[in-house]
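What follows is each chain in one-letter form.
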Amino acid sequence: QVQLVESGGGLVQAGGSLRLSCTASGRSFPYYAMGWFRQAPGNEREFVAAFIWTDGKTDYADSVKGRFTISRDNARNRVYLEMNALKPEDTALYYCAVPEQGANWINVRSFRAFDYWGQGTQVTVSS
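These numbers come from a predicted model, not from an experiment. Every chain is numbered on its own, with residues counted from 1 as its sequence reads. Predicted model: local features are reported for residues with pLDDT of at least 70 only, side-chain atom pairs are reported and counted for 80 or more only, and whole-chain, interface and lining totals are derived from all residues. Water and hydrogen atoms were dropped before computing side-chain values, which therefore reflect all heavy atoms in the structure.

## Let's talk about the pairing of strand β9 (residues 92-98)
Here is the key point about a regular strand: its side chains alternate between the two faces of the sheet. Accessibility here uses a 1.4 Å probe with only protein chains present; expressed as a share of the type maximum, an area under 20% marks a residue as buried, one over 50% as exposed, and anything in between as partly exposed. Under the scheme used here, helices are H or I runs from DSSP no shorter than 4 residues and strands are E runs no shorter than 2 residues, and both carry numbers assigned from the N terminus. Most of β9 sits out of view: six of its seven residues are buried. Between any two strands, at least two bridges found by DSSP are needed for them to pair. Where strand β4 (residues 33-39) lies against β9, five bridges are found, and the strand directions are antiparallel. Following the sheet pairing, R38 is matched in β9 by Y94.

Here is the structure:
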């Protein structure tokens, strides 16, 4: 079993910044990818960003490209999401996720490709 714990969410004014962290524990590591998704009331869970561990590639939703940066810490089974120039529309519950060990060539933009999820951390952007 894999456990994921997110942290770093909070309340911030528009234009501000937050850094989210996700730490994985359990037996299944390394992972093909670690991803961030978000879900706001009335919306489906949507892709935010992903880090492809094996080749160091990243992928971002168009809505956050240029503002958010995903990075990894190999030794600590950790992924970060640096969020800058936050907008009210970024308000959501943010989740990190990983696929099963051995998975590859998944569509990291689809939440269905991921098997393990954290409990989420709330990001609220005011004004």
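## Quick notes on the sheet that holds strand β3 (residues 18-26)
Pairing is antiparallel in the open sheet, where four strands are placed in the order β1-β3-β8-β7. The two strands at the open ends of the sheet, each matched to only one other strand, are β1 (2-7) and β7 (68-73). Mean inter-strand twist for the sheet, computed between neighbouring axes without regard to direction, equals 15 degrees. Pairing analysis gives six bridges linking β7 to strand β8 (residues 78-83), with the strands arranged antiparallel. Looking at β8, one finds that F68 is bridged to M83. Fitted lines through C-alpha atoms give the axes, limited to the stretch in contact for helices. The angle between two N-to-C directions lies from 0 to 180 degrees.

## Notes on the packing of aromatic side chains
The way to describe two aromatic rings as a pair is by their centre distance and the angle between their planes. Classification of ring pairs rests on two measures: the distance between centres of Phe, Tyr or Trp rings, Trp counted by its six-membered ring, which must be within 6.5 Å, and the angle between planes, read as stacked under 30 degrees, edge-to-face over 60 and tilted in between. What the rule picks out here adds up to six aromatic pairs. Where F51 meets W53, the ring centres are 6.0 Å apart and the plane angle is 65 degrees; that geometry is what we call edge-to-face. With a relative accessible area of 8%, F51 lands in the buried category. On the accessibility criterion, W53 (8% relative accessible area) is buried. Within the aromatic cluster, the residues linked to one another by ring pairs are F37, F47, Y95, F114 and W117. Sitting over the ring of Y95, R45 keeps its end group 3.9 Å from the ring centre. Taking the ring centre of W117 as reference, the NZ or CZ of R45 above it sits at 4.8 Å. Each ring is checked for a lysine NZ or an arginine CZ that lies within 6 Å of its centre and within 35 degrees of its normal; such an atom marks a charge sitting over the ring.

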